[in-house]
Amino acid sequence: MLLPYSFVEIEDSLAEAFWAVARRLRHRTRVALEPWDLSPSLARALSVLSRHGDVRLSTLADHLRIAPRSATEVADDLTRLGLAARLPDPDDRRATLLTLTPAGRETATAIQAARLTEGDRFFEVLDEKERADLSRIMRKLSSG
């Protein structure tokens, strides 16, 4: 059976180049998170709470693209670490909201700053025009 692409064509494809860059950036982001000893998923949850405020666990699951049961585990972990707390939902007594604690807000802010710094370091090999072009292209790809 013949494949539509040779191995060399696949290895040199734009998609493969994209995934290679994504892996490098993901690795550097994990390294940047080491001072807080948080998994990337917990850091993403902190980011969601920082951007969206108090949310129900179902909303957190939607933002993280995970199963609701997994969002419960994320909430449990953040609560155990003192980074988030559960509050009753004033609009529905049966539901709870997850909110950042002061330590959670401080950690989310510090992580965001570290990620921005690491992103700047990662992309510093590009000149200003290349960064602008890449940004425009990435926005186009992510919107459609």
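Whatever comes next refers back to the structure up there.
Here is what the cut-offs are and how they apply
- Residues numbered from 1 in each chain as written.
- Predicted model: local features only at pLDDT ≥ 70, side-chain atom pairs only at ≥ 80, totals over all residues.
- Heavy atoms only, no water.
- Helix = DSSP H or I, 4+ residues; strand = E, 2+ residues; numbered from the N terminus.
- Buried < 20%, exposed > 50% of the residue type's maximum accessible area, 1.4 Å probe, protein only.
- Contact = heavy atoms within 4.5 Å.
- Areas by Shrake-Rupley, 256 points an atom, 1.4 Å probe, with all protein chains shown as cover.
- Lys, Arg positive; Asp, Glu negative; His and termini not counted.
- Charge placed at Lys NZ, Arg CZ, Asp CG, Glu CD.
- Core = buried A, V, L, I, M, F, W, Y, C linked by side-chain atoms within 4.5 Å.
- Salt bridge = Lys/Arg side-chain N within 4 Å of Asp/Glu carboxyl O.

Asker: Explain the overall build of the protein chain residue by residue, including any values.
Answerer: Within the protein chain one finds 7 helices and 3 strands. Its helices and strands in sequence order give the protein chain the pattern α-α-α-β-α-α-β-β-α-α, from N to C terminus. Projected onto the principal axes, the alpha-carbon positions of the protein chain cover approximately 60 × 40 × 25 Å. Going through the 144 residues of the protein chain one by one, you find that 26% of them count as buried. Within the protein chain, contacts between residues separated by at least 24 positions form 46% of all contacts whose residues are at least 6 apart in sequence. Within the structure as shown, the protein chain displays about 10,500 Å² of accessible surface, and the carbon and sulfur contribution to it stands at 56%. Looking at the protein chain, you have 22 positive and 22 negative side-chain charges, and the mean spots of the two groups are 4 Å apart.

Asker: Tell me what's going on with the nonpolar core, and back it up with residues and numbers.
Answerer: Judged by nonpolar contacts, the single largest core of 21 residues is most densely connected at Leu46, Leu49, Leu60, Leu78 and Leu98. Broken down by secondary-structure element, the contributors of at least two residues to this core are α3 (40-52), α4 (57-64), α5 (68-80), β3 (92-100) and α6 (102-123). Once residues lying within four places of it in the same chain are set aside, the contact partners of Leu49 are Val55, Leu78, Ala84, Leu98 and Leu100.

Asker: Break down the pattern of salt bridges for me, with residues and values.
Answerer: One pass over the structure, following the stated rule, counts 10 salt bridges. Between Arg94 and Asp92 there is a salt bridge; the shortest N-O distance is 3.1 Å. Residue classification places Arg94 among the exposed positions, given a relative accessible area of 77%. Asp92 gets classed as buried once you look at its relative accessible area, which sits at 17%. In this structure, the salt-bridge partner of Lys129 is Asp133, at a minimum N-O distance of 2.7 Å. A residue pair is termed a helical-turn pair when its members lie 3 or 4 positions apart in one helix, as Lys129 and Asp133 do in helix α7 (residues 128-143) at 4 residues. You can call Lys129 exposed: its relative accessible area is 57%.

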